[in-house]
Amino acid sequence: MAIKIGNKFVGDGYPCFIIAEIGINHNGNLDIAKRLIDMAVEGGADAVKFQKRTIEVIYTPEELAKPRDNPFGPTTGDLKRGLEFRRKEYEFINDYCREKDILWFASCWDEGSVDFINEFNPVCYKIASPCLTDENLLRHTRLKGKPILLSTGMSTIEQIRRAVGILGCDDLILLHCVATYPTPDNELNLKVIQTLRKEFPDIPIGYSGHGYGATMTVVAVALGACVVERHITIDRSMWGSDQAASIELANLKLMVGNIPGLI
């Protein structure tokens, strides 16, 4: 079964759909976000992905008040708010991605964020691994009528079945994922891709990776992943929680160049 995301078809018999996840690697800086979009375009990605959270919904007041030294202030709340792009930034992202002819969308961690991103008419939605059991978020996202990519890190097969039962098989892509940042090669468990293909034969299966380098992502495609998602960064040594689990331009080009044209 093939799913259309923007102007791309995703599924067996089509080129692997490659997502360059910017996430929060922009460090709250729109110029860095722009450079990362440029990098994704140069590297041959089909889409870039961001993350959107309503901070006061996702985190408790106690968590936000915890001391945590960071470039934005002395608390966890300062950090989380500092990394969060708002309407002005997303208006720029929307226009710039259109100018560069690359698709964009976001992982939305709460219902308000889904509504916010929906105003930009995204080509699809991503539901992150920690949200797989948030049944209200699953239902709310499905109501938008867009394709959904669902990551399965930390989930049991029973939890995945439950999520699929809520979302339905139509316009759904499951992404095998290991929620360790970064993930050693011996923990990637890539054979789960084949397990998911057998368990859900009517759903395209992909891979969201946080490992080192490009090689194992290419292996994931060889095992049947028709979508791959990798965090990208200008420099893995930059400040930021996800930089070390990301790939730089050279490895993005290496990855894209080694993925077969058709799967």
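Everything below is about the structure shown above.
First, a word on what this report is: a plain description of the structure on this page. Counting restarts for each chain, with residues numbered from 1 along the sequence as it is written. Per-residue local features of the predicted model are confined to residues with pLDDT of at least 70, and side-chain atom pairs are confined, for both listing and counting, to 80 or more; whole-chain, interface and lining totals are unaffected and use all residues. The basis for the side-chain values is all heavy atoms of the structure; hydrogens and waters are excluded.

**Structural notes on the overall build of the protein chain**
Then step 1. Helix and strand assignments come from DSSP, with helices taken as H or I runs of at least 4 residues and strands as E runs of at least 2, each series counted from the N terminus. Counting secondary structure elements, the protein chain contains 11 helices and 12 strands.
Then step 2. In this setup the radius of gyration rests on C-alpha atoms only. A globule is expected at 2.2 Å times the number of residues raised to 0.38. Radius of gyration (C-alpha) of the protein chain: 17 Å, near the 18 Å computed for a compact globule of 263 residues.
Then step 3. Taking the principal axes of its C-alpha atoms as reference, the protein chain extends roughly 50 × 40 × 40 Å.
Then step 4. For the exposure calls, accessible area comes from a 1.4 Å probe over protein chains only, and a residue counts as buried if that area is under 20% of its type's maximum, exposed if over 50%, partly exposed in between. A burial count over the protein chain gives 51% of its 263 residues as buried.
Then step 5. In what follows, residue pairs with any heavy atoms lying within 4.5 Å of each other are defined as contacts. Contacts in the protein chain between residues at least 24 apart in sequence constitute 66% of all its contacts with a sequence separation of at least 6.

**Some words on empty space enclosed by the protein**
Then step 1. Cavity and pocket criteria rest on a 1 Å grid covering protein atoms alone: a 1.4 Å probe that fits but cannot get out defines a cavity, protein on both sides within 12 Å along at least 5 of 7 lines defines an open pocket, and an atom within 4 Å of a point defines a lining residue. Grid points are joined across faces, edges and corners, and a volume is the space filled by probe spheres set on the points. Summed over all chains, the structure comprises two cavities of 30 Å³ or more.
Then step 2. Considering only enclosed or pocket space, the largest cavity measures out at about 50 Å³ in volume.
Then step 3. If you trace the largest cavity, you find it lined by Ile24, Arg53, Ile55, Tyr59, Lys80, Leu83 and Glu84.
Then step 4. Along the lines of polarity and charge, the residues of the lining of the largest cavity split into four nonpolar, no polar and three charged.
Then step 5. By volume, the second largest cavity amounts to about 30 Å³.
Then step 6. Every residue lining the second largest cavity is listed: Leu188, Tyr207, His210, Gly211, Tyr212, Met216, Thr217 and Arg230. Under the grouping applied here, Gly and all other residues not named as nonpolar or charged are polar, the nonpolar ones being Ala, Val, Leu, Ile, Met, Phe, Trp, Tyr, Cys and Pro and the charged ones Asp, Glu, Lys and Arg.

**Re the pattern of salt bridges**
Where charged atoms from two side chains of opposite charge come close, those side chains can pair.
Then step 1. Only one rule defines a salt bridge in this text: a Lys or Arg side-chain nitrogen within 4 Å of an Asp or Glu carboxyl oxygen. Counted under the stated rule, the structure contains 15 salt bridges.
Then step 2. Note that Lys253 and Glu42 form a salt bridge whose closest N and O atoms lie 3.0 Å from each other. Note that Lys253 is positioned in helix H11 (residues 249-258) and Glu42 in helix H1 (residues 30-43), a separation of 211 residues in sequence.
Then step 3. Taking the relative accessible area as the measure of exposure, Glu42 reaches 48% and is therefore partly exposed.
Then step 4. A salt bridge links Glu135 to Arg139, with the shortest nitrogen-to-oxygen separation between them at 3.7 Å. Within this pair, Glu135 and its partner Arg139 are both found in helix H7 (residues 135-142), separated by four residues, close to a single helical turn.
Then step 5. Under the relative-accessibility criterion, Glu135 is labelled partly exposed at 25%.
Then step 6. For Arg139, a relative accessible area of 40% corresponds to the partly exposed category.
Then step 7. Sharing partners across several salt bridges, the network here consists of Glu135, Arg139 and Arg162.

**Focus on the layout of surface pockets**
Then step 1. If you add up the space inside the largest pocket, you get close to 520 Å³.
Then step 2. Lining the largest pocket are 31 residues, with Gln51, Arg53, Trp109, Tyr181 and Asp242 positioned closest to its centre.
Then step 3. Elements that contribute at least two residues to the lining of the largest pocket include exactly strand S4 (47-52), helix H4 (76-82) and strand S12 (227-231).
Then step 4. Taken together, the residues of the lining of the largest pocket sort by class into 12 nonpolar, 11 polar and eight charged.
Then step 5. Along the wall of the second largest pocket there are 15 residues; nearest its centre are Arg98, Ile102, Leu103, Trp104 and Val123.

**Some points on the side chain of Gln51**
Then step 1. Structurally, the position occupied by Gln51 is in strand S4.
Then step 2. Judged by relative accessible area, which is 10%, Gln51 ranks as buried.
Then step 3. Here a polar contact is taken to be a pair of N or O atoms separated by no more than 3.5 Å, where protein atoms must pair a possible hydrogen donor with a possible acceptor and residues adjacent in sequence count only if both atoms sit in side chains. At 3.0 Å, the side chain of Gln51 and the side chain of Arg53 are in polar contact.
Then step 4. Each residue touching Gln51, except ones within four places of it in the same chain, is listed here: Glu21, Gly23, Ile24, Glu84, Tyr90, Ser107, Trp109, His231 and Asp242.

**Digging into the environment of Cys177**
Then step 1. Here Cys177 lies in strand S10 (residues 172-177).
Then step 2. Given a relative accessible area of 8%, Cys177 falls into the buried group.
Then step 3. When the C-alpha positions of Cys177 and Leu190 are compared, they lie 8.8 Å apart, and in sequence the two are 13 residues distant.
Then step 4. The contact partners of Cys177, leaving out residues within four places of it in the chain, are Ser129, Ser151, Thr152, Gly153, Ser208 and His210.

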